[in-house]
Amino acid sequence: MEDRTREENQEAILSEDGMEESAVKLAENMEPEAETSFAEYTDPDEDEKVEETLEHRLNRAGETPLYFEDKRRILLEICQELEKLHLENRAYGTVCAENVILTYPARTVTLREETDPEEDVNDGDAETDILKGKRAEQKSVAQDIFDLGKLIYRVLPESDRALEIAEKATSQDKTLRFGSVKEVREQLLTLWDPSLGILSRSREQVKLAAKSRKLWIGIGIAAAALILIAVGAYFFGKNVYPDMFVKRPAYNDGVEAMESENYEEAIRYFRDCGEDYKDAGTRIRACELELYRRGIEDNAKEKTKAWQKSGNKADLENAVKACYSVYEEGLDDGGTLQELGLLVLENVVTKLDRKEYEEAESTVKIFTGALPEKKNDMTRTLWADFYKTLAMGLENAGKYLDASGYYRELKEAGYKDYEERLQACKMAYAEEFLKQGRTKDALGVFQELAKAKVEGAEEKVKEASYIYGKELLQKEDYGNALNLLTAAGNYQDAEELAKKAGDQIKKAREKEQEEKRRREEARNQGQSGSGSGSGSGSSTGGAWSLGFKVLNKSGDTVRLSISFRGGPADGTPGFICVAKMKDGTEYTGEYSIRIKGGSSQTITMQDEESEDLYSDISWVKVFDSEGRLMGTWTP
């Protein structure tokens, strides 16, 4: 009808006389066309509302054809209806011509309201349950886009560009489809009527101008039209075509690939549209970061699997470092490392259950040793979990000494919750020392615990002091025995034993004083012996003699060998050697030895300040333990 009206208008313009009237008619004809209708619809009551489905209207196209712009408008309004639903996080479900309602004379397009599948089925009906499930599965954004593509095939088969849009919307590869109905609508906006393009319309205007009486006006209009066409073509080729048909599709494909996590493919698309197009450059950087993150995470997973497969210590260390790098790069909050930590802790617990204590300790030390020295909160917690698990496992196994070492490290690291466990382990292994006869070691631990005011430690100190004091008393170490037995207090017969040790100390002191007196008398006697370097004397064992021999001499040292001939008797407690220098100085050396017949002893005299010590010696005398002279040697 519109073509017929346009032709009648053109004929009317050409048949009119007068330049002004023709120009007015031509101008009126050149005004924008009115919005087209869906059909040639007439009704006596124009306010009466009439509806029909798009399916019905398409079937009537043979009687009353639909123009291209009508069909495009219908599709655009369907897109708008779907967009509203999708913004509400809902999907329509079945987009088809039967569910599209055309309303006259308002010329509106709406979607038929579908019934909720849960409301129109009966419980217990298997067939309707299946239909209900299928309808529920169809309700998705992706399905709406797919159905919309099929509808475009049906409505605009005459447009090659429309068929390309429909093909992409219904692609078998879901990653190639449109991501939203909005994208489909943007593509439909670029369509034009293939039967009447820009060039065709321009030629129509030139024809009208040529038929007018003012040919030169027509030629001007034609020239202007051609210029506009040329400028438009240049602008289209320079700006519209690259943006609409090159950059925009590449950008959209890049966004789809990025959302599908195909980051390498996304980077290629974004580079095709240019890094300065929209936010393509930013998206490229984001994709590169994701690829980098994925590489680090994949490396951590591979290292973890390698350790799980081999159980090798080197593989465990590599896995810890790889998992920590994921956290260090800021790609997660430490979850990757914590997952590995749980696997390793399970391994440690298994080894403890199998009594593989050394292996368990080695695994813990490898894991914690691979963590950075400056531990943050996350790694510090991991470190504490490992040491706590190991310490408690060793404690349960009765390895109190080893367990206490790990509890001590936890305490030194600032974890005060393990102080009680540490003290309990120390008490336990100190008692083991006591049973093993390591009384001194046990006493030291008990004293440390008593100082910390641990319950029961004071009594253990008394017990260990008593036992150790008795041991020293038997070894005639009366001084230390007295101290320990005194510390034992009233434990058993500690007081009685302490008195006994005190008596022995008193006797020893009296004996020492007597020996000192005798030595003084011996030095005062000054009796000379044989000048040949031999001497004689008597003892409880009978007559015997001494022989002297200089082994070597140097500036400040003289070594003298003293041999015993014919005695003295076995068991002689020892002798005293006194050397007198020419300047009057005396050097005394006491040798507590048990002498046997024919044995010899070597004495070494040394004076670092002397240049010739041998010449400085006046004589050397030897006295027995009673202070009697045994022999004399002179240089």
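Residues numbered from 1 in each chain as written. Predicted model: local features only at pLDDT ≥ 70, side-chain atom pairs only at ≥ 80, totals over all residues. Heavy atoms only, no water.

Participant: Got a sec to walk through the confidence of the model for the protein? Specific residues and values, please.
Facilitator: Residue-level pLDDT values for the protein average 77, and 74% of them are 70 or greater. Per-element mean pLDDT across the protein ranges from 35 in strand E4 (residues 534-539) up to 94 in helix H6 (residues 141-155). Counting interchain partners and residues more than four positions distant, the pLDDT-below-50 stretch residues 1-36 has 32 contacts. Overall, residues 117-124 carries pLDDT values under 50, and its contacts beyond four positions in sequence, including any with other chains, amount to nine contacts. (pLDDT = per-residue confidence, 0-100. Helix = DSSP H or I, 4+ residues; strand = E, 2+ residues; numbered from the N terminus. Contact = heavy atoms within 4.5 Å.)

Participant: Go over the environment of Phe 575 with me, naming the residues and quoting the values.
Facilitator: Relative to the helices and strands, Phe 575 is located in strand E7 (residues 575-581). Along the chain, Phe 575 and Phe 623 lie 48 residues apart, while their C-alpha atoms are 5.7 Å from each other.

Participant: Could you give me a rundown of the side chain of Glu 55, with the residues and numbers involved?
Facilitator: Among the structural elements, Glu 55 can be located in helix H3 (residues 54-59). Glu 55 gets classed as buried once you look at its relative accessible area, which sits at 17%. Among the polar contacts made by the side chain of Glu 55, one reaches the side chain of Arg 154 at a distance of 2.9 Å. In contact with Glu 55, not counting residues within four places along its chain, are Ala 97, Glu 98 and Arg 154. (Buried < 20%, exposed > 50% of the residue type's maximum accessible area, 1.4 Å probe, protein only. Polar contact = N/O pair within 3.5 Å; in protein donor to acceptor, adjacent residues only side chain to side chain.)

Participant: I'd like a description of the environment of Asp 385, backed by residues and values.
Facilitator: You can see Asp 385 is positioned in helix H16 (residues 377-396). Separated by 43 residues in sequence, Asp 385 and Leu 342 place their C-alpha atoms 9.8 Å apart.

Participant: Any details on the packing of aromatic side chains? Residues and values, ideally.
Facilitator: One pass over the structure, following the stated rule, counts twelve aromatic pairs. Taken together, a centroid distance of 5.8 Å and an interplanar angle of 50° make the contact between Tyr 324 and Tyr 327 tilted. Residue Tyr 324 and its partner Tyr 327 are both found in helix H13 (residues 313-328); the two are separated by three residues, about one turn of the helix. Take Tyr 324: its relative accessible area is 14%, and that puts it in the buried class. A relative accessible area of 24% means that Tyr 327 is categorised as partly exposed. Between the aromatic rings of Tyr 614 and Trp 633, the centroid separation amounts to 6.2 Å while the plane-to-plane angle is 55°, which identifies the pairing as tilted. Within this pair, whereas Tyr 614 is found in helix H23 (residues 613-616), its partner Trp 633 is found in strand E11 (residues 629-633), the two being separated by 19 residues in sequence. No difference in accessibility class separates Tyr 614 from Trp 633, as the two residues are buried. These aromatic residues form a ring-pair network of at least three members: Trp 383, Tyr 387, Tyr 406, Tyr 407, Tyr 415 and Tyr 418. The ring of Tyr 614 carries Lys 553 above its face, with NZ or CZ at 3.9 Å from the centroid. (Phe/Tyr/Trp six-rings, centres within 6.5 Å; stacked < 30°, edge-to-face > 60°. Lys NZ or Arg CZ within 6 Å of the ring centre and 35° of its normal.)

Participant: I'd love a proper account of the nonpolar core, names of residues and values included.
Facilitator: Core analysis: the largest hydrophobic core is formed by 41 residues, its most contacted members being Leu 337 and Phe 367. Of all the secondary-structure elements, those providing two or more residues to this core are helix H12 (280-310), H13, helix H14 (335-353), helix H15 (357-370), H16, helix H17 (400-412) and helix H18 (419-435). The biggest single contributor to this core is H16, with nine residues. Other than its neighbours up to four places away in sequence, Leu 337 contacts Val 320, Cys 323, Tyr 324, Phe 367, Leu 371, Met 378, Thr 379 and Leu 382. Leu 75, Ala 97, Val 155 and Phe 178 belong to the second-largest nonpolar core, a separate cluster that totals 34 residues. (Core = buried A, V, L, I, M, F, W, Y, C linked by side-chain atoms within 4.5 Å.)

Participant: Can you break down the sheet that holds strand E3 (residues 108-111) residue by residue, with the values?
Facilitator: Taken together, three strands build an open sheet; the order of strands is E1-E2-E3 and the sheet is antiparallel. Strands at the two margins of the open sheet, each flanked by one partner only, are strand E1 (50-53) and E3. With strand direction ignored, the average angle separating the axes of adjacent strands in the sheet is 30°. On the sheet, helix H4 (residues 68-87) packs against strand E2 (100-104) and E3 and is oriented at approximately 45° with respect to E3. (Pairing = 2+ DSSP bridges. Axes fitted to C-alpha atoms, helices over the stretch in contact; angles between N-to-C directions.)

Participant: So what's going on with the pattern of salt bridges? Which residues, and what values?
Facilitator: Across all of its chains, the model carries 25 salt bridges by this definition. Note that Asp 147 and Lys 150 form a salt bridge whose closest N and O atoms lie 4.0 Å from each other. Here Asp 147 and its partner Lys 150 are both found in helix H6, three residues apart, which amounts to about one turn of the helix. Using a relative accessible area of 44% as the deciding quantity, one classes Lys 150 as partly exposed. Measuring nitrogen to oxygen at the nearest pair gives 3.7 Å for the salt bridge that ties Lys 499 to Asp 503. With Lys 499 and Asp 503 both in helix H22 (residues 494-525) and four residues apart, this pair spans about one turn of that helix. For Lys 499, a relative accessible area of 56% gives the class exposed. Here Asp 503 falls in the partly exposed class, since its relative accessible area comes to 36%. Each of the salt bridges in this network shares a partner with another, and the network as a whole consists of Arg 271, Glu 275, Arg 285 and Glu 288. (Salt bridge = Lys/Arg side-chain N within 4 Å of Asp/Glu carboxyl O.)

Participant: Please provide a residue-by-residue account of the side chain of Glu 52, values included.
Facilitator: With respect to the helices, strands and loops of the structure, Glu 52 is situated in strand E1. At 2.6 Å, the side chain of Glu 52 and the side chain of His 56 are in polar contact. Setting aside anything within four residues of it in sequence, one finds Glu 52 in contact with Arg 57, Arg 60, Val 100, Ile 101, Leu 102 and Tyr 104.

Participant: For the packing of H13 against H15, give the residues involved together with the corresponding values.
Facilitator: Relative to each other, H13 and H15 sit at 35°, their axes nearing to 8 Å. Considering how the two elements wind past one another, H13 and H15 form a crossing that is right-handed. Facing H13, whose interface residues are Lys 313, Leu 316, Glu 317, Val 320 and Lys 321, H15 presents Glu 359, Ser 362, Thr 363, Ile 366, Phe 367 and Ala 370. Broken down by class, the residue content of the contact of H13 with H15 amounts to five nonpolar, two polar and four charged. (Left-handed = near helix turned anticlockwise from the far one by under 90°. Nonpolar A, V, L, I, M, F, W, Y, C, P; charged D, E, K, R; others polar.)

Participant: Kindly report on the pairing of E7, identifying the contributing residues and their values.
Facilitator: The element E7 is largely enclosed, with a buried count of six among its seven residues. When E7 meets strand E10 (residues 617-624), the two strands line up antiparallel, connected through seven bridges. Residue Met 581 lies in a different strand from E10, and its bridge partner there is Ile 617.

Participant: Please give an account of helix H20 (residues 457-474) that cites residues and values.
Facilitator: With 18 residues, H20 ought to run about 26 Å at 1.5 Å a step, and its terminal C-alpha atoms sit 26 Å apart, in line with that. Those residues of H20 lying buried are Ala 457, Lys 460, Val 461, Glu 463, Ala 464, Ser 465, Tyr 466, Tyr 468, Gly 469, Leu 472 and Leu 473. Glu 476 occupies a position one or two residues after H20 and carries a positive phi of about 65°. (Expected span 1.5 Å × (residues − 1).)

Participant: Could you give an account of empty space enclosed by the protein, naming the residues involved and the relevant values?
Facilitator: As enumerated under the stated definition, the model contains one cavity of 30 Å³ or more in all. Counted as a void, the largest cavity has a volume near 70 Å³. Around the largest cavity sit Thr 175, Leu 176, Asp 253, Glu 256, Ala 257, Ser 260, Asn 262, Glu 265 and Tyr 269, which together line it. Looking at the lining of the largest cavity, the elements with two or more residues in it are helix H10 (215-259) and helix H11 (263-273). Among the elements that take part in the lining of the largest cavity, H10 stands out by supplying three residues, more than any other. Partitioning the lining of the largest cavity into residue classes produces three nonpolar, three polar and three charged. (1 Å grid on protein atoms, 1.4 Å probe; cavity = no way out; pocket = protein on both sides within 12 Å on 5 of 7 lines; lining within 4 Å. Points joined across faces, edges and corners; volume = space filled by probe spheres on them.)

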